[in-house]
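# Descriptive structure summary
Below are the chains, spelled out letter by letter.
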Amino acid sequence: TENCVLEGVDAADWTDTYGVTSDGDGITLQFVTQGPYSTNIGSRMYLLAPGGHEYQIFKLKNREFTFDVDVSELPCGLNGALYFVEMDFDGGMENYPTNEAGAAYGTGYCDAQCPHDMKWISGETNNEGWEPSDNDVNAGKGYYGSCCVEMDIWEANSVATAYTPHPCETVGAYRCEGTECGDNWSDERYDGICDKDGCDLNSWRLGDQTFFGPGGDFAVDTTKPMTVVTQFITSDGTDNGDLVEIRRVYVQDGQVIENSFSNLDGIDATDSITQKFCDQSKVAFGDVDDHAEKGGLKAMGESLDRGQVLVMSMWDDHDANMLWLDSNYPLDKDPSTPGVNRGPCPEDSGDPVDMEQNYPDATVKYYNVKFGTIGSTYSGGNGSPTTTSKPSECPGDDLADCMSMCPTEPLDIFQGCILECQDKCT
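Residues numbered from 1 in each chain as written. Predicted model: local features only at pLDDT ≥ 70, side-chain atom pairs only at ≥ 80, totals over all residues. Heavy atoms only, no water.

### Topic: the overall build of the protein chain
Quick reminder of the rule: We count a stretch as a helix when DSSP gives it H or I for four or more residues in a row; a strand needs E for two or more, and each element gets its number in order from the N terminus. Each radius of gyration is computed over the set of C-alpha atoms, and the globule rule expresses the reference value as 2.2 Å times the number of residues to the power 0.38. Here, two residues are considered to be in contact whenever any of their heavy atoms come within 4.5 Å of each other. For the area figures, the Shrake-Rupley method with a 1.4 Å probe applies, and any residue is considered shielded solely by the protein chains shown. Positive charges come from Lys and Arg, negative ones from Asp and Glu, while His and the chain ends are left out of the count. A charged residue contributes its charge at one atom only: NZ of Lys, CZ of Arg, CG of Asp or CD of Glu.
Each helix and strand in the protein chain was counted, giving 8 helices and 24 strands. Its C-alpha atoms give the protein chain a radius of gyration of 21 Å, within 12% of the compact-globule value 22 Å for 426 residues. On the principal axes, the C-alpha backbone points of the protein chain span a range of 60 × 55 × 40 Å. Here the analysis covers contacts within the protein chain between residues at least 6 apart in sequence; of these, 68% occur between residues at least 24 apart. Carbon and sulfur atoms make up 47% of the accessible area of the protein chain, which totals about 18800 Å². Of the side-chain charges in the protein chain, 24 are positive and 76 negative, and the distance between the mean point of each set is 5 Å.

### Quick notes on the packing of aromatic side chains
Selection criterion: In this scheme Phe, Tyr and Trp rings, the latter by its six-membered ring, pair at centre separations within 6.5 Å, and the angle between planes marks the pair as stacked below 30 degrees, edge-to-face above 60, and tilted otherwise. Exposure classes here rest on a 1.4 Å probe applied to the protein chains alone. A residue is buried below 20% of its type maximum, exposed above 50%, and partly exposed in between. Working rule: Lys NZ or Arg CZ, within 6 Å of ring centre, within 35 degrees of ring normal, means a charge sits over the ring.
Throughout the structure, instances matching the rule amount to 15 aromatic pairs. Taking 5.9 Å as the distance between ring centres and 85° as the angle between the ring planes, the aromatic pair formed by F58 and F65 counts as edge-to-face. You'll find F58 and F65 in the same group, each marked buried. A cation over a ring is seen here: R248 above Y163, with NZ or CZ 4.4 Å from the ring centre.

### Observations concerning the pairing of strand 14 (residues 150–156)
Here is the rule: One requirement defines pairing of two strands: DSSP has to find at least two bridges between them.
Of all the 7 residues making up strand 14, 7 are buried; the element is thus mostly covered by neighbouring parts of the structure. Judged from the 5 bridges that link them, strand 14 and strand 15 (residues 161–166) form a sheet pairing that is antiparallel. Across the sheet, E150 pairs through a bridge with H166, a residue of strand 15. Where strand 14 folds back on strand 15, the antiparallel hairpin that results is connected by 4 residues.

### Here we look at the state of the cysteines
Spelled out, the test is: Cysteine sulfur pairs qualify as disulfides if the two atoms are within 2.5 Å.
Per the counting criterion, the structure on display carries 6 disulfides. For C114, the disulfide goes to C147, at an S-S distance of 2.1 Å. Residues C114 and C147 are joined through a disulfide that is right-handed, its torsion about the S-S bond being 125°. Here C114 is found in the loop between strand 8 (78–85) and strand 9 (120–121), whereas its partner C147 is found in strand 13 (residues 145–147), with 33 residues between them in sequence. There is no split in this pair, since C114 and C147 are both buried.

### Re the confidence of the model for the protein chain
Where we set the bar: Per residue, pLDDT measures the predictor's confidence, with a range of 0 to 100.
The predicted model of the protein chain averages 92 in pLDDT, with 91% of residues at 70 or higher. Scored below 50 in pLDDT, residues 384–392 makes 12 contacts in the model with residues more than four places away or belonging to other chains.

### Focus: the pattern of salt bridges
Charged atoms that come close allow side chains of opposite charge to pair. Put simply, the rule reads: Salt bridge, as applied in this entry: a Lys or Arg side-chain nitrogen positioned within 4 Å of an Asp or Glu carboxyl oxygen.
Throughout the structure, instances matching the rule amount to 15 salt bridges. The partner of K365 in a salt bridge is D25, with the nearest N and O atoms 3.7 Å apart. Here K365, found in strand 24 (residues 363–373), pairs with D25, found in the loop between strand 1 (20–22) and strand 2 (26–30); they are 340 residues apart in sequence, far enough to count as distant. D200 is paired through a salt bridge with R205; the nearest N and O atoms lie 2.8 Å apart. A relative accessible area of 16% places D200 in the buried class. Given the relative accessible area of 6%, R205 is considered buried. When salt bridges with common partners are traced through the structure, they connect D23, D25 and K365 into a single cluster.

### A word on helix 2 (residues 275–285)
When we look at burial in helix 2, the residues that qualify are F277, C278, Q280, S281, K282 and F285. Tucked into the core, helix 2 has its buried residues touching strand 22 (272–274) and helix 3 (290–293). Downstream of helix 2 by one or two residues, G286 has phi in the positive range, about 70°.

In structure tokens:
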């Protein structure tokens, strides 16, 4: 480790090497970028706090998170993912003295899949036992994995979407080894410390095949940008209550679109994630209930209390070709079995070689990120903002008014203004 160097990335590299651009109100990620030295596939971005030395920490319980997204250029087999993970706020500098780079250099990543392809975990290189991938020249796996609680707000392309809590038996980022990593290749997926399957709400998988897709025949038309609202409801409507429900609302062309309802035997008609929904869907689909085993929504709520980091990414899938999101999966089960059919894509779609050759210019755009009390971040929200404890300092009448006054560009000014509103109005 002492002989290793972690280099930063300048503005030119973001665009020319990694295919990331910004127009002032958000970011656009391009799938394949032919850089000056190599070919880059996909990308993963983190939101830094003002000052640029720490990650922005979000505490989502009893709040809602809203963003605009354009998935019109994402075909079957690709995933534009926006999610939260319980990374260390400083990228691990405080906990690991050998980490002198920190959040500004993107260190400390973890998620519920306990990825082994991280080259730097807990202040040390992950080169022990490193094996290059046999189907991805840009990847490999080391002895250690990097685990933490993950809340998938958005995993989607133009034909399918899901949102999914993944609780873990961890607090913060954790370096795993052996069985606790729950590795697929050792047949220990359900023996690890994280719920890798999660409890997903995918409209298509739950029986509504007219809700999300390209064209006017769908309730949410993926050929157009959309606003995605995710609400984290507590048992008593306060920040101190247990997390009991994760709700989804869309806004498109000025119209509020309520989420689809499940329509499958064995699952009560529901349009949100609750513990009852998770319990019933695991039985109906015949899936291992690792979600409940790892603490369910209550454990997720405890992680949200501690705070999580925002991640925005785009990727292809060298393990399962993204079939778990947009096609039939697993392939050894009859597609008519409840829960197997997750989207309309062919079973032979999503091969990374095909995706990288035929869809290099695929893009996803994330923009207009907002965070606030329930009902405060989108037009048509009917929630009552929480009474502020500092009324004399809050510009406007409440958090929503304050945020509406923030200039949308440049992006760093907008982010700073939003954070100031949150500080003064909540």
